[in-house]
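Observations on the three-dimensional arrangement
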Amino acid sequence: MLNIALFGAPGAGKGTQSELIMKKHNLVYISTGNILREEIKSGTQLGFAAKSIIEAGGLVSDEIIVQIIEKKITSNPDAPGFLFDGFPRTFVQAYILEGLLLKMHTSLTCLLFLDVSPKESLKRLLNRAKTSGRSDDTEVVIKNRLKEYKEKTAPVAQFYKDQGLFFPVDGTGSVEEIYTSLEEIINKELRKVLFNVVLLGYPGAGRGTQARKLADKYNLVYLSTGEMLKEEIRKDSEVGKLVKAVYDKGDIVSDEIVIKLIEKHIQSNPEASGFIFKGFPRTLVQAYILDGLLRKIHSSISFTLDIQCPTLELIKRLDARGKTERRMSYDLETSTIVHRLEQHERICLPVVDYYRKQGKMTVVNGKGNPEDVWSRIKEPAEKAWRRAR
Ligand code: AMP
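Residues numbered from 1 in each chain as written. Predicted model: local features only at pLDDT ≥ 70, side-chain atom pairs only at ≥ 80, totals over all residues. Heavy atoms only, no water.

**Notes on the packing of aromatic side chains**
Tallied over the full model, the rule gives 15 aromatic pairs. Geometrically, the ring pair formed by Phe91 and Phe159 is edge-to-face, given 6.3 Å between the ring centres and 70° between the ring planes. Of the two residues, Phe91 sits in helix α5 (residues 91-103) while Phe159 sits in helix α8 (residues 157-162), which places them 68 residues apart along the sequence. Overall, Phe159 belongs to the buried group, its relative accessible area being 10%. Here the basic side chain of Lys161 rests over the ring of Phe166, its NZ or CZ set 5.0 Å away from the ring centre. (Phe/Tyr/Trp six-rings, centres within 6.5 Å; stacked < 30°, edge-to-face > 60°. Helix = DSSP H or I, 4+ residues; strand = E, 2+ residues; numbered from the N terminus. Buried < 20%, exposed > 50% of the residue type's maximum accessible area, 1.4 Å probe, protein only. Lys NZ or Arg CZ within 6 Å of the ring centre and 35° of its normal.)

Following this line, the structure appears as structure tokens:
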């Protein structure tokens with residue numbers, strides 16, 4: 001998701017640039033000023049509460065702002081991203097924005113600052129006042145709005161500087177020049193947005209095959225916990241010895257071991273365009289862990305895929321794999337195969353539910369050969385990719 005906040009003094013040109021950015025990236029535009037003016041025009045209770053404050057050039061309460069933003073966000077559940085204009089305007093609102101985006105399992109991509117001197121802002125606003133018809137475009141009110149900006153809004157910049165999300169742009173060039181500079185920043189930041197995929201499905205559903213196809217297509221780092229663990233067993237490391245004993249019983253390896261391995265692989269791929277996880281998360285606890293691991297690198301899950309296949313077909317495939325080079329130690333006995341399938345049903349289904357509730361789950365039919373399955377995956381994956389970037 002692309003989430004942008006436009007920041008700057010009144011008159012800096014946020015409204016003008018917003019229109020161009022919104023259209024280019026198909027974002028839902030949230031201008032708190034516009035929404036408040038609409039509320040006043042419609043004579044709502046909220047508008048009534050805001051009217052006298054706006055007309056005096058003050059800032060409307062954070063309680064009112066959170067209400068209007070939340071309403072706008074929840075009424076656009078399929079938005080590819082949001083463009084905030086005139087918000088956040090206080091420290092409290094910066095925290096509110098964090099919380100609202102967290103609730104949507106996303107985060108702010110960048111805060112773009114249109115840098116214009118107070119003198120220039122005053123000049124532009126006085127000029128706009130001749131035609132705008134806005135009740136807060138009078139000299140006294142404008143001066144108060146600029147004072148509020150200096151005292152309450154400008155310090156919010158530090159919040160975003162600390163997070164590396166603050167990007168200043170000279171706001172005094174032509175509209176096109178400023179827009180070009182803003183687009184350069186947006187595109188650079190977009191390239192840093194990771195596309196993270198989770199592949200779910202029963203053992204034998206074809207997750208590994210499809211994961212590799214997705215990894216190739218989107219240049220993702222493929223992280224299969226099964227293969228990482230197999231590698232530890234091959235190296236006969238301390239972890240490998242522990243894992244082998246667990247595997248031989250057909251059980252699931254402890255979270256501590258898996259977390260360490262995944263974290264190691266994430267850290268050793270700082271240039272990745274995203275990660276594709278296979279065999280993890282396997283439990284609800286691991287789903288939370290993965291959210292935490294990705295949050296540490298300012299990222300989140302973009303897309304989860306559940307490949308479904310009838311049980312008999314799964315047993316046949318695992319049994320056949322047990323007779324090839326690709327076999328895992330747990331493919332060898334029918335009783336172990338059945339035990340893993342049972343365990344999967346009991347533990348992994350809540351994970352499917354977890355992602356379904358977040359609206360990030362796509363279910364595909366896993367019957368047929370790998371090319372058939374891939375043809376069903378391509379389109380939803382492409383959609384999720386476009387949505388993420
Ligand atoms: P704007 O159209 O962004 O210049 O906003 C016009 C007026 O609406 C401001 O002077 C404030 O009184 C009020 N307002 C808009 N956004 C906010 C906000 N995020 N927090 C508090 N007041 C706001």
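**So, the site of the ligand**
For the ligand, the set of nearby residues contains 15 residues, the closest of which are Thr32, Arg37, Gly58, Gly86 and Gln93. One of the backbone nitrogen or oxygen atoms of Val60 is found 3.0 Å away from a nitrogen atom of the ligand. In this structure, a nitrogen atom belonging to the ligand sits 2.9 Å away from a side-chain N or O atom of Gln93. By residue number, the principal contributor to the shell around the ligand is helix α2 (residues 32-41), which donates four residues. The residue makeup of the shell around the ligand, split by class, is five nonpolar, five polar and five charged. (Near = heavy atom within 4 Å. Polar contact = N/O pair within 3.5 Å; in protein donor to acceptor, adjacent residues only side chain to side chain. Nonpolar A, V, L, I, M, F, W, Y, C, P; charged D, E, K, R; others polar.)

**Points about the domain arrangement of the protein chain**
Domains assigned within the protein chain are domain 1 (2-190) and domain 2 (197-388). Just the C-alpha atoms count here: the centres of domain 1 and domain 2 sit 42 Å apart. With eight residues of domain 1 at the interface, the matching set in domain 2 holds six residues. Taken together, both faces of the contact between domain 1 and domain 2 bury some 610 Å²; the carbon and sulfur share is 38%. Viewed at the interface, domain 2 and domain 1 are joined by zero salt bridges. Put simply, domain 1 and domain 2 have two residue pairs in polar contact (both at pLDDT 80 or more) between them. Grouping the amino acids of the side of domain 1 that touches domain 2 by side-chain chemistry returns four nonpolar, three polar and one charged. (Domains from an automatic or database assignment. Contact = heavy atoms within 4.5 Å. Buried area = accessible area lost by both parts, 1.4 Å probe. Salt bridge = Lys/Arg side-chain N within 4 Å of Asp/Glu carboxyl O.)

**A closer look at the side chain of Lys14**
Looking at the secondary structure, you find Lys14 in helix α1 (residues 14-25). It turns out Lys14 is buried and unbridged, and the closest side chain with the opposite charge, Asp85, is 4.8 Å from it. (Lys, Arg positive; Asp, Glu negative; His and termini not counted.)

**Section: empty space enclosed by the protein**
Across all of its chains, the model carries three cavities of 30 Å³ or more by this definition. Counted as a void, the largest cavity has a volume near 230 Å³. What lines the largest cavity is a set of 19 residues, among which Asp251, Ile252, Val253, Arg282 and Arg340 lie closest to the centre. Those elements that place two or more of their residues in the lining of the largest cavity are α11 (225-235) and α16 (334-357). Here the lining of the largest cavity takes four residues from α16, the largest share from any one element. A breakdown of the residues in the lining of the largest cavity according to their chemical character gives nine nonpolar, seven polar and three charged. (1 Å grid on protein atoms, 1.4 Å probe; cavity = no way out; pocket = protein on both sides within 12 Å on 5 of 7 lines; lining within 4 Å. Points joined across faces, edges and corners; volume = space filled by probe spheres on them.)

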